[in-house]
Amino acid sequence: MKINLVVELEDKPGQLLKVLTPIAKYGGNIIGIIHNRKVQQKSVLVDVVFEIAEDRADKLLEEIKSSGITIRNVNEIKLSEKISVLLVGHIIHTDISDTINRIDSTGFAEVTEMDISMPELNKPSTALITISAVNKEKLEEALKILRKICEEKKIKVVEPLNEEA
Amino acid sequence: MIKIAIIGFGTVGQGVAELLLRKKNEIEERIGKFKVIAVADSKSSVVGDVDLEKALSEKKKRGRLSGNKTAMEIVEDFEYDVLFECTPTNVESGEPGLTHIKTALKRGKNVITSNKGPLVVAYNELCKLAEKNSCKLGFEATVGGAMPLIKLVKNDLAGSGILRIRGILNGTCNYILSRMEVERMPYEQILSEAIELGIAEADPSYDVKGIDAAAKLVIIANALLEKNVRFEDVHIEGIEDLTPEAFEVAVKRGYTIRLIAEVGETLRVSPRLVPLNHPLNIYGTLNAAEIITETAGRVFVIGRGAGKLETASAMISDLIDIYDRRDLRC
Ligand SMILES: NC(=O)c1ccc[n+]([C@@H]2O[C@H](COP(=O)([O-])OP(=O)(O)OC[C@H]3O[C@@H](n4cnc5c(N)ncnc54)[C@H](OP(=O)(O)O)[C@@H]3O)[C@@H](O)[C@H]2O)c1
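If you're wondering where the values come from, they're calculated on a predicted model, not measured in any experiment. (Residues numbered from 1 in each chain as written. Chains lettered and ligands numbered in written order. Predicted model: local features only at pLDDT ≥ 70, side-chain atom pairs only at ≥ 80, totals over all residues. Heavy atoms only, no water.)

S.K.: Explain the overall build of chain B here, please?
M.R.: Each helix and strand in chain B was counted, giving 13 helices and 12 strands. By its C-alpha atoms, chain B is 60 × 45 × 35 Å across when sized along the principal axes. Looking at chain B residue by residue over its 330 residues, the buried ones come to 58%. Excluding contacts between residues fewer than 6 apart, the proportion of contacts in chain B whose partners are at least 24 apart in sequence is 69%. When the accessible area of chain B is evaluated, it comes to approximately 14,100 Å², of which 48% is carbon and sulfur surface. Here chain B contributes 44 positively and 47 negatively charged side chains, and the mean placements of these two sets differ by 4 Å. (Helix = DSSP H or I, 4+ residues; strand = E, 2+ residues; numbered from the N terminus. Buried < 20%, exposed > 50% of the residue type's maximum accessible area, 1.4 Å probe, protein only. Contact = heavy atoms within 4.5 Å. Areas by Shrake-Rupley, 256 points an atom, 1.4 Å probe, with all protein chains shown as cover. Lys, Arg positive; Asp, Glu negative; His and termini not counted. Charge placed at Lys NZ, Arg CZ, Asp CG, Glu CD.)

S.K.: Would you mind going over the pattern of salt bridges with me for this structure?
M.R.: Side chains that carry opposite charge are capable of pairing whenever their charged atoms lie near each other. Scanning the model with the defined rule gives 43 salt bridges over all chains in all. Where A:Glu63 meets A:Lys25, a salt bridge forms, and the shortest distance between an N and an O atom there is 2.8 Å. Of this pair, A:Glu63 sits in helix α2 (residues 57-66) while A:Lys25 sits in helix α1 (residues 17-25), placing them 38 residues apart in sequence. Under the relative-accessibility criterion, A:Glu63 is labelled partly exposed at 25%. Judged by its relative accessible area of 56%, A:Lys25 falls in the exposed class. A salt bridge links B:Glu140 to B:Lys151, with the shortest nitrogen-to-oxygen separation between them at 3.3 Å. Of this pair, B:Glu140 sits in the loop between β6 (137-138) and α7 (150-156) while B:Lys151 sits in helix α7, and the two are 11 residues apart along the sequence. When sorted by exposure, B:Glu140 lands in the same class as B:Lys151, which is buried. Among the charged side chains, a network of salt bridges with common partners joins B:Arg164, B:Arg166, B:Glu262, B:Arg272, B:Glu290 and B:Arg298. (Salt bridge = Lys/Arg side-chain N within 4 Å of Asp/Glu carboxyl O.)

S.K.: Can you help me understand the domain arrangement of chain B in this one?
M.R.: Where interface size is given, it is often the accessible area lost as the parts come together that is meant. Residue and element names in this part refer to chain B. For chain B, the domain assignment lists domain 1 (2-144 + 308-323) and domain 2 (155-304). For domain 1 and domain 2, the distance between their C-alpha centroids amounts to 28 Å. With 13 residues of domain 1 in contact, the opposing surface of domain 2 contributes 16 residues. The contact between domain 1 and domain 2 buries some 1,200 Å² in all, and 67% of this surface belongs to carbon and sulfur atoms. (Domains from an automatic or database assignment. Buried area = accessible area lost by both parts, 1.4 Å probe.)

S.K.: Help me understand the nonpolar core, please; the structure alone is not making it clear to me.
M.R.: As a rule of thumb, nonpolar side chains are buried together in soluble globular proteins. Counting 83 residues, the largest nonpolar core has A:Leu86, B:Leu149, B:Ile176, B:Ile220, B:Ile239 and B:Ile257 as the members making the most contacts within it. Counting residues per element, this core draws most heavily on helix α11 (residues 211-224) of chain B, which supplies 10 residues. Among the nonpolar cores identified, the runner-up in size contains 33 residues, and B:Ile2, B:Phe34, B:Ile316 and B:Leu319 belong to it. (Core = buried A, V, L, I, M, F, W, Y, C linked by side-chain atoms within 4.5 Å.)

S.K.: Got a minute to help me understand the domain arrangement of chain A in this structure?
M.R.: All names here are of chain A. Partitioning chain A into domains gives domain 1 (2-76) and domain 2 (81-158). Each of domain 1 and domain 2 has a C-alpha centre, and these two points are 29 Å apart. Facing the 4 residues of domain 1 at the interface are 5 residues of domain 2. When the two sides are added together, the surface that domain 1 and domain 2 hide from each other amounts to roughly 330 Å², 41% of it contributed by carbon and sulfur. Summed over the three residues of domain 1 that lose the most area to domain 2, namely Lys-2, Ile-31 and Val-49, the buried surface amounts to 79% of that side. Between domain 1 and domain 2 we count 1 salt bridge in total. Linking Lys-2 and Glu-110 is a salt bridge whose minimum nitrogen-to-oxygen distance equals 2.7 Å.

S.K.: In this structure, what is going on with a nonpolar patch on the surface? I would like to understand it.
M.R.: Judged by side-chain polarity, A:Ile92, A:Met114, A:Ile116 and A:Met118 come together as a nonpolar surface patch covering roughly 340 Å² of accessible area. Within the secondary structure, A:Met114 is located in strand β6 (residues 109-117). (Patch = residues over 30% accessible without salt bridge, like charges linked within 9 Å, V, L, I, M, F, W, Y side chains within 5 Å.)

S.K.: What is the right way to read the site of the ligand from this model?
M.R.: All names here are of chain B. The local shell around the ligand holds 24 residues, among which Val-12, Ser-42, Lys-59, Thr-87 and Thr-89 are the closest. In this structure, Ser-42 approaches the ligand through a side-chain N or O atom, which is 2.6 Å from an oxygen atom. With respect to the ligand, the side chain of Lys-43 contributes an N or O atom lying 3.0 Å from an oxygen atom. In the complex, the protein chains occlude 74% of the 900 Å² of accessible area that the ligand would expose alone. (Near = heavy atom within 4 Å. Polar contact = N/O pair within 3.5 Å; in protein donor to acceptor, adjacent residues only side chain to side chain.)

S.K.: Can you help me understand unusual backbone geometry in this one?
M.R.: Glycine aside, residues mostly have negative phi angles, and peptide bonds mostly take the trans form. Put simply, B:Glu95 and B:Pro96 share a cis peptide bond, and its omega is 5°. Look at A:Asp95: it is not a glycine, yet its phi comes out positive at around 70°. Mapped onto the fold, A:Asp95 is located in the loop between β5 (81-89) and α3 (96-104). Assessed through its relative accessible area of 38%, A:Asp95 is described here as partly exposed. Phi is positive for B:Arg184, close to 55°, though the residue is something other than glycine. Here B:Arg184 is to be found in the loop between α8 (171-183) and α9 (187-196).

S.K.: It is not clear to me how the sheet that holds strand β4 (residues 82-85) of chain B should be interpreted in this structure. Could you clarify?
M.R.: Neighbouring strands of a sheet are bound in pairs by backbone hydrogen bonds; such pairs are parallel or else antiparallel. Residue and element names in this part refer to chain B. Taking strand neighbours across the sheet as the criterion, the 6 strands line up as β3-β2-β1-β4-β5-β6 in an open arrangement whose pairing is mixed. Edge positions in the sheet fall to β3 (45-47) and β6, since each of these pairs with one other strand and no more. Note that strand β1 (residues 2-7) and β4 share 4 bridges and pair parallel. Pairing of Ile-4 across the sheet is with Val-82, part of β4. Contacts from helix α1 (residues 11-22) reach β1, β2 (34-40) and β4 within the one sheet, and its direction differs from that of β1 by about 150°. (Pairing = 2+ DSSP bridges. Axes fitted to C-alpha atoms, helices over the stretch in contact; angles between N-to-C directions.)

S.K.: Hey, could you run me through the side chain of B:Glu290 in this one?
M.R.: Residue and element names in this part refer to chain B. Relative to the helices and strands, Glu-290 is located in strand β11 (residues 286-293). By relative accessible area, Glu-290 is classed as buried at 0%. Only 2.6 Å separates the side chain of Glu-290 from the side chain of Arg-298, close enough to count as a polar contact. Excluding anything up to four places from it in sequence, Glu-290 contacts Arg-164, Ile-165, Arg-166, His-278, Leu-280, Arg-298, Val-299 and Phe-300.

Next up, the structure:
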C-alpha cells in the first residue's frame, strides 16, 4: 500500500532519519519527500510518501510514534483514476526509468503498468503505459508532466479518447 | 423556376450535374422546377439553358466547355438563384471560392458549397453577409462528404446543448491507419499503395499532416459550437510518425489508433488511442463523428467522407433544405 505520512520534526539536522530508518527497516520504499513550511520557530512539517506491505504498516507507524516523533496525519493513497497513453520514439535511449521516476516522484501519481515493444537498432520503440493517480485533477497534472517530458525527449504521445461528457 | 449556376466542374461539380439529371423528378417533387443556366470551370463555360448531358460529355472528351464566359463574369452578372461553388480548396486565402461566394451573397443569391477554404477563412463574415441579404449558405458537403453532420446538429439536435464534437474527418488517414492496424505494415508502404489506388493524393501532406481534418474541425467549431475560432487555433499532429509496433502494443491492450479531430474546450487533431469496441473505431476510408450533448446523450454518425456522388449528394440535400416545399412535420 501507498501511504502519505505527515510528521512534525524539530528543525535540526538528523531528524528526518528518525522517520526514514524505520521505513527502510520494514522494507518500505520511499517515493517522495516534501518539506513544508515552518510550523513554529523550531519545527517543520514533512510529507513522506512511501510504499509498504500492508501487514507491516501498523507496526511501522507505532515504531515511529514511540521514537517521539509527532505524527500529524496518516492516510493511504488510493490511486483510483487511471489513464493509458502510448509513447512512440526513442523511449529507451532517452532513459525510460527517468521518465517513470519523474511521474512516480510526484507522490500523487505513478506508472502502474507498462508494455514496451523493443525496437530494432536505432528505430523508434513503443510503450503503452498506464498512469494511476489519486484523483482526476492529479491525473491531469501527471499527464501534463508526461507531455512535458516527452516534448523534451521528442517522444510522440498518443492520448486516449477522453470518455467524459 | 429555380435557376442554378455551377462553378467548378471537376469531380464534385460533375457529380452535382449527374445527380441533377438522375434525380430530377425526385428533386422537383420537393422544390419545384429547376434549370441550370451556367456551368464554368477554370477556363471555359457554357451558359443559357444548359444541356447537362452535353456539358458532361464535352468536359470529359475535351477537358473544357464550349463557351468563354469566365466563372467570375457568371457569378457577378448572371441571374441565377443558387450558386453551386465547387472550386479547389485553399485554407489560407479561401480563393477563388471566397470571392465567388461573397459576390453571390452580396447579390442576395443562395450558395451551396463543397469548398472548405472560404468557410475556414471567413465563416462569420459569410454568415453575416447571408443574413444581411436574406439568403442562405449551405455547406454540408464541406465536412464529412455524405456523412450528415451540419444539418443533423443544426436541425435535428437543436436545443440539445452541444458539448463536444469529435470524429474521423479524413478518409485517407483512416484508410492508412486501419491498414496499419490490421496488416502491421509500415506507414510509407501503405501510403504509396494508397497513392497508387487513388485513395491518397500524389502530394498527401494535406491529409496526413492533419491539415484537412483541422480545416473541417474549424468549420464544425464555428458553425455548430459558435466558437469563433481560426485555423491557427487548432493544435495539429499528423500520422506520419506512427509505426506498426505502435499498433501492436495498442491492440494488445485493447486499443487501436485513429486520427481524431475534437472540439470541446480546445481544438485538436491528433492520433488517439481508441478502444477497439468504440463506435469511432471504423475501418477504411469512412468518416465518423460523435456528438456529445447535454440532453440527448451521445449521437454517432458514420458515412462516406468523399467521392463524387457522395459529396454531390450532400449538396443536393442542401438544395432541398433551402427550397423544400414539403412540411416535414406531418
Ligand atoms: N472530391 C471529393 O470527394 C470532395 C469531397 C468533399 C469536398 N470536396 C471539395 O470540393 C471542391 C471541389 O473538389 P473536386 O474534387 O471536384 O476538385 P477538382 O476535381 O479539382 O475540380 C475543381 C474544379 O474547379 C475548377 N476551377 C479551378 N479554379 C477555378 C476558378 N478560378 N474558377 C472556376 N473554376 C475553377 C477546375 O477547373 P478545370 O476543370 O478547368 O481545372 C475544376 O473544374 C474542393 O474544394 C474540395 O475540397 C471534394
